[in-house]
Amino acid sequence: MRPGPHNAITDVPGVRVGQVTRDEPGWLTGVSVVVPPPGTVGGVDVRGGGPGTRETDLLDPANAVDAVDAVVLSGGSAFGLGTADGVADAAWAAGAGWPVGPGADERVPIVPAAILFDLGRAGTWRHHPGPADGASAYAVAVDGPVTCGAVGAGTGARAGGLRGGVGTASAVLDSGQTVGVLVAVNAVGSPVGADGALLGAQWGLDGEFADLPSPDPAAAQAYWEERRAEAEAMRAGRATTLVVVATDAALGKGGCRRLATVAHDGIARAISPVHTPFDGDTVFTLATGAGPAPVGLDLVDLHDAAARCVTRAVVRALLASTSVDRSADGGLVARSWRDALTTD
């Protein structure tokens, strides 16, 4: 497999991404929206012990609706679920939605969503994204390169005490099918090993992470001492890694669910531990159906590629994030991986 032209979820034809970043004084939050083409089938697998979600039951293979109009990843904890209202309104205005009656306007957009915790990280507890931010993210969704780092849903994110963020990656399989991933990394677990190196870097494609800076042994020792103290103060529901996997393969709801299940392996390769009582780890799957239905080894290859893309996207999120200091406003101080643990 090889990366797509943008190495992003938007390499899947027809998939667009829009992001709104709220990082003005008193704010560290945002929203990321993935908009697939009409008729895209969706699935989900929720593994974390503290999830915050919307419309995940609808994606169960036993339930009727199988077309998804957008997927929302948002900061703001449970308050941030309101961003999906704005996305639903914007999607309806754009002509999208599940038909529930004979009239042209009798449509209900299907907008699954999941949130991560970032409340108070800029010093003000109730600053969170809302419906207007969701609508704005939908409005700016495009199919080109996707900005990574502390943007969108990852603006106020942390990962093992480091600054987290949004990452993306893609792969084109030998079969011709494309799979792409968008992640928002805000985990209790750490993305680095005992030596300070990024756990997922070994999964890069074609030298993708070959020129990473070297970890500093002294910095790694200090980091792990700090991590122990932080872990002892952790409370439930204050983390989460969110993922959207998209592919042009033809999959039903059951196939989408299985792809989401396997994609969780990609989180586990890049962050340790995952799926804790403090995380809300959730993976959504979108299958546009523009390509053929994979069978046999092609299906296994698709699952493998999705998990690898998740791992790579987590690494790319950490590499793109920058340090932040909001201590003057009573907010957080979070160093990036580069600033905290490398010699550069």
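Each chain has its residues counted from 1, running along the sequence as written. Reporting of local features is limited, given that this is a predicted model, to residues whose pLDDT is at least 70; pairs of side-chain atoms are given and counted only at 80 or more, and all residues count toward the totals for whole chains, interfaces and linings. To get the side-chain values, all heavy atoms of the structure are used, and hydrogens and water are removed first.

### Brief notes about the overall build of the chain
Note the cut-off: A helix here means a DSSP run of H or I that spans at least four residues, while a strand means a run of E at least two residues long, and both kinds are numbered starting from the N terminus. Note on method: radius of gyration uses C-alpha positions; expected globular size equals 2.2 Å times residues raised to 0.38. Each residue gets one of three labels from its accessible area relative to the maximum for its type: buried under 20%, exposed over 50%, partly exposed in between, using a 1.4 Å probe on protein chains only. Should any heavy atoms of two residues lie within 4.5 Å, those residues are considered in contact.
The number of helices and strands found in the chain is 6 helices and 16 strands. Over its C-alpha atoms the chain spans a radius of gyration of 19 Å, differing by no more than 12% from the 20 Å that the globule rule assigns to 344 residues. Sorting the 344 residues of the chain into buried and exposed places 57% on the buried side. Looking at the chain alone, contacts between residues at least 24 apart form 81% of all its contacts between residues at least 6 apart.

### A short note on the packing of aromatic side chains
So the rule is basically this: A pair of aromatic rings is counted whenever rings of Phe, Tyr or Trp (Trp by its six-membered ring) have centres within 6.5 Å, and the orientation is called stacked for planes under 30 degrees apart, edge-to-face for over 60 and tilted otherwise. Placement of a positive charge over a ring is assigned whenever Lys NZ or Arg CZ falls within 6 Å of the ring centre and within 35 degrees of the normal to the ring plane.
Applying the stated criterion across every chain, the model contains 2 aromatic pairs. Relative to W224, the ring of Y223 lies with its centre 5.1 Å away and its plane at 75 degrees, an arrangement referred to as edge-to-face. You can call Y223 buried: its relative accessible area is 4%. Sitting over the ring of W27, R22 keeps its end group 3.8 Å from the ring centre.

### Here's the deal with helix α4 (residues 253-270)
Applied cut-off: A helix is expected to span 1.5 Å for every residue after the first.
Relative to the 26 Å expected for 18 residues at 1.5 Å per residue, α4 spans 27 Å between its end C-alpha atoms, a close match to the ideal helical length. Taken together, the buried positions of α4 are occupied by K253, C256, L259, A260, T261, V262, A263, H264, G266, I267 and A270.

### Remarks on the sheet that holds strand β13 (residues 240-247)
In plain terms, the rule: Strand pairing is defined by DSSP finding a minimum of two bridges between the two strands. Axis lines are fitted through C-alpha atoms, for helices just across the contact stretch, and the angle between N-to-C directions can take any value from 0 to 180 degrees.
Reading across the sheet, the 5 strands line up as β3-β14-β13-β12-β11 and stay open at both edges, with mixed pairing between neighbours. For this open sheet the edge positions go to β3 (41-46) and β11 (165-172), each flanked by a neighbour on one side alone. Averaged over all pairs of adjacent strands, the angle between strand axes in this sheet comes to 15 degrees, irrespective of strand direction. Bridging between strand β12 (residues 178-186) and β13 involves 8 bridges; their strand directions are antiparallel. When the sheet's bridge partners are listed, V179 is paired in β13 with T247.

### What about the nonpolar core?
Considering soluble globular proteins, one finds that nonpolar side chains tend to be buried as a cluster. As a reminder of what qualifies: Within this scheme, the nonpolar core is defined by two criteria: the residues are buried Ala, Val, Leu, Ile, Met, Phe, Trp, Tyr or Cys, and they are joined through side-chain atoms within 4.5 Å.
In terms of nonpolar packing, the biggest core is built from 47 residues, with V179, V245 and L341 touching the most fellow members. Mapped onto this core, the elements with two or more residues apiece are β11, β12, α3 (217-232), β13, α4, β14 (282-287), α5 (297-320) and α6 (337-341). Counting 24 residues, the second largest nonpolar core, distinct from the first, contains V15, V34, L116 and V146.

### Some details on the state of the cysteines
Filter applied, for reference: To count as a disulfide, a pair of cysteine sulfur atoms needs to be within 2.5 Å.
Taken as a whole, this structure holds 0 disulfides when the rule is applied. C309 supplies the cysteine sulfur nearest to C148, a cysteine that is in no disulfide, at a spacing of 12 Å. The exposure class assigned to C148 is buried, which follows from its relative accessible area of 15%. Of all cysteine sulfurs in the structure, the one in C309 sits closest to C256, which takes part in no disulfide; the separation is 16 Å.

### Observations regarding the sheet that holds strand β5 (residues 71-74)
Adjacent strands of a sheet pair through backbone hydrogen bonds, lying either parallel or antiparallel. Read from one edge to the other, the open sheet built from 5 strands follows the order β1-β2-β5-β8-β4, with strand pairing classed as mixed. Each edge of the open sheet carries a strand with a single partner, namely β1 (16-22) and β4 (53-54). In terms of strand pairing, β5 meets strand β8 (residues 113-115) through 3 bridges, oriented parallel. Within the sheet, the bridge partner assigned to S74 lies in β8 and is I115. Helix-sheet contacts for helix α1 (residues 83-93) involve β2 (29-35), β4, β5 and β8, and the interaxial angle to β5 is about 150 degrees.

### Some details on the pairing of β2
Residues in a regular strand project their side chains so that they alternate between the two faces of the sheet. Counting buried positions along β2 gives 7 out of 7 residues, so the element sits mostly inside the fold. Of the strand pairs in this sheet, β1 and β2 are connected by 7 bridges, and their pairing is antiparallel. Bridge pairing links V20 to V31 in β2. From the end of β1 to the start of β2, which pair antiparallel, there are 6 residues, and G26 there has a positive phi angle of about 85 degrees.

### Details of the pattern of salt bridges
Formally: Every case where a carboxyl oxygen of Asp or Glu lies within 4 Å of a side-chain nitrogen of Lys or Arg is listed as a salt bridge.
Scanning the entire structure with this criterion turns up 7 salt bridges. A salt bridge links D133 to R22; the nearest nitrogen and oxygen atoms lie 3.3 Å apart. In this pair, D133 is assigned in helix α2 (residues 131-139) and R22 in strand β1, connecting sequence segments 111 residues apart. The class of D133 is buried, set by a relative accessible area of 12%.

### With respect to the side chain of S190
Our working definition: Counting of polar contacts relies on pairs of N or O atoms within 3.5 Å, with two restrictions inside protein: one atom must be capable of donating a hydrogen and the other of accepting it, and residues adjacent in sequence are counted only when both atoms are side-chain atoms.
Tracing the backbone shows S190 in the loop between β12 and α3. Judged by its relative accessible area of 0%, S190 is buried. Within the structure, the side chain of S190 is placed 2.7 Å from the side chain of Y223, a separation counted as a polar contact. Those residues in contact with S190 that sit more than four places away from it in its chain are G160, L199, Y223, W224, R227, A270, I271 and S272.

### Some words on the packing of α4 against α5
The condition is simple: Between 65 and 115 degrees an angle is taken as roughly perpendicular, under 35 as roughly parallel, over 145 as roughly antiparallel, and anywhere else as oblique. Crossing chirality is assigned from the near helix's rotation relative to the far helix, an anticlockwise turn below a right angle marking it left-handed and a clockwise turn marking it right-handed. Side-chain classes follow a simple rule in which Ala, Val, Leu, Ile, Met, Phe, Trp, Tyr, Cys and Pro form the nonpolar group, Asp, Glu, Lys and Arg form the charged group, and the remainder, Gly included, forms the polar group.
Running from amino to carboxyl end, α4 crosses α5 at an angle of 40 degrees, the nearest separation of the two axes being 7 Å. In terms of orientation, α4 lies oblique with respect to α5. At the point where α4 passes α5, the crossing takes the right-handed sense. In this structure, α4 uses R258, L259, V262, A263, D265, G266, I267, R269 and A270 to contact α5, whose residues at the interface are L302, H303, A306, A307, R308, V310, T311 and V314. Looking at the contact of α4 with α5 residue by residue, the classes come out as 10 nonpolar, 3 polar and 4 charged.

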